[in-house]
Amino acid sequence: KTRCNHEQITRPNQLWQFDIKYGYIHGENKWFFVLAFIDVFTKKVTGFFIGKTCNSGDLALTLNQALINENITFNDQLKIRSDNGPQMSSNKFFFYIKRLEQNLHHEFIPPRTPNKNAFIESFFSILENELLADRYFKTYGEAYLAVTDFISFYNKRRLHGSLNFKSPERFILDYQNGLIKNYEVSA
């Protein structure tokens, strides 16, 4: 396992953090899981999975779809960072990463240091405070739609103080148009 190092993030798709959070379906008396990848530079949720279970196969498929959606290539030299959870440290996920054609590097935070994965932890805190804590979900379908809608809102309309009160979508457009200069993130 490769441990993460502190570094300055100076562009999109340089470092993604990811983790898994659970929510509760009151009407079914069951848990559901949300897996999300977030770009540390733009705060955009680049990929997510919502399911009644979440295993290493779901993780690999979600990452694969995020890489396609974000048009990640070998030149991006993307790092992904996670905790040491069973899905993240599984042999299945390890070999999936090794087979990828992209120059993708997976690093792990040290045990008991969630601050090293602060951006995904912050997203999950926002998800909890702004959606999950106040909602009574009758069905899995209701929870799925609510979380999907929330992630769309988060990426397209929710203003982020760290992005100079822009949404991730607006920030990305401004960055692509050369309006964002000398912006760095410490991670």
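Undergrad: Just to check I follow, could you spell out the packing of helix α3 (residues 118-130) against helix α4 (residues 140-156) for this structure?
TA: In a packed pair of helices, the relevant descriptors are the angle between the two axes and the axis-to-axis distance. Look at α3 against α4: their axes get within 11 Å of each other, and the N-to-C directions meet at 120°. One finds that α3 runs oblique with respect to α4. Crossing hand, α3 versus α4: right-handed. Residue-level inspection shows Phe123, Ile126, Leu127 and Glu130 of α3 in contact with α4, the latter providing Phe150, Ile151, Phe153 and Tyr154. For the contact of α3 with α4, the residue count by class is seven nonpolar, no polar and one charged.

Undergrad: Please clarify how the environment of cysteine 54 should be interpreted in this entry.
TA: Inspection of the secondary structure assignment puts cysteine 54 in the loop between β4 (45-51) and α1 (56-69). Owing to a relative accessible area of 10%, cysteine 54 belongs among the buried residues under this scheme. Considered as a pair, cysteine 54 and valine 40 are 14 residues apart in the sequence and their alpha carbons are 23 Å apart. With near-sequence residues (within four places) excluded, cysteine 54 lies in contact with Ile20, Phe33, Leu35, Phe49 and Gln87.

Undergrad: What is the right way to look at unusual backbone geometry in this model?
TA: A positive phi angle, close to 65°, is found at lysine 43, a residue other than glycine. Within the secondary structure layout, lysine 43 lies in the loop between β3 (30-39) and β4. The backbone of arginine 112 shows a phi angle near 60°, a positive value even though the residue is not glycine. Looking at the secondary structure, you find arginine 112 in the loop between β6 (105-108) and α3. In this structure arginine 112 comes out as exposed when scored by relative accessible area, which is 78%.

Undergrad: Looking at this model, I keep getting lost on the pairing of β4. Mind explaining?
TA: On any regular strand, side chains alternate: one points to one face of the sheet, the next to the other face. Of all the seven residues making up β4, five are buried; the element is thus mostly covered by neighbouring parts of the structure. Where β3 meets β4, six bridges bridge the pair, whose relative direction is antiparallel. If you follow leucine 35 over to β4, its bridge partner there is phenylalanine 49. Once β3 ends, the chain turns through five residues before running back antiparallel as β4, passing lysine 43 with a positive phi of about 65°.

Undergrad: How should I be thinking about the packing of aromatic side chains in this particular structure?
TA: Note on aromatic pairs: each is described by the distance of the centres and the angle between the planes. Counted according to the given criterion, the structure contains 17 aromatic pairs. The structure contains a cluster of three or more aromatic residues connected by ring pairs, namely Trp16, Phe18, Phe37, Phe93 and Tyr96. Note that lysine 21 overlies the ring of tyrosine 22, its terminal NZ or CZ placed 6.0 Å from the centroid.

Undergrad: Can you walk me through helix α2 (residues 91-99) in this structure?
TA: Since the α-helix advances by 3.6 residues per turn, residues separated by three or four positions end up pointing in the same direction. Buried within α2 we find Phe93, Tyr96 and Ile97. The arc enclosing the buried residues of α2, seen along the axis, measures out at 100°, which places them on a common side. Away from the buried face of α2 by more than 90 degrees, exposed residues Asn91, Lys98 and Arg99 are located. Next to the buried residues of α2 lie β2 (15-25), α1, β5 (79-82) and β6.

Undergrad: Help me understand the sheet that holds β5 in this model?
TA: Where strands meet in a sheet, backbone hydrogen bonds hold them as pairs that are either parallel or antiparallel. Read across the open sheet, the five strands follow the order β4-β3-β2-β5-β6; overall the sheet is mixed. The open sheet has two edge strands, β4 and β6, and neither has a second partner. Here the average twist between neighbouring strands, direction ignored, is 25°. Across the face of the sheet, α4 comes into contact with β2, β3 and β4 while running at roughly 175° to β4.

Rules of the game
Residues numbered from 1 in each chain as written. Predicted model: local features only at pLDDT ≥ 70, side-chain atom pairs only at ≥ 80, totals over all residues. Heavy atoms only, no water. Axes fitted to C-alpha atoms, helices over the stretch in contact; angles between N-to-C directions. Helix = DSSP H or I, 4+ residues; strand = E, 2+ residues; numbered from the N terminus. Parallel < 35°, antiparallel > 145°, perpendicular 65-115°, else oblique. Left-handed = near helix turned anticlockwise from the far one by under 90°. Contact = heavy atoms within 4.5 Å. Nonpolar A, V, L, I, M, F, W, Y, C, P; charged D, E, K, R; others polar. Buried < 20%, exposed > 50% of the residue type's maximum accessible area, 1.4 Å probe, protein only. Pairing = 2+ DSSP bridges. Phe/Tyr/Trp six-rings, centres within 6.5 Å; stacked < 30°, edge-to-face > 60°. Lys NZ or Arg CZ within 6 Å of the ring centre and 35° of its normal. Arc of directions from axis to C-beta.

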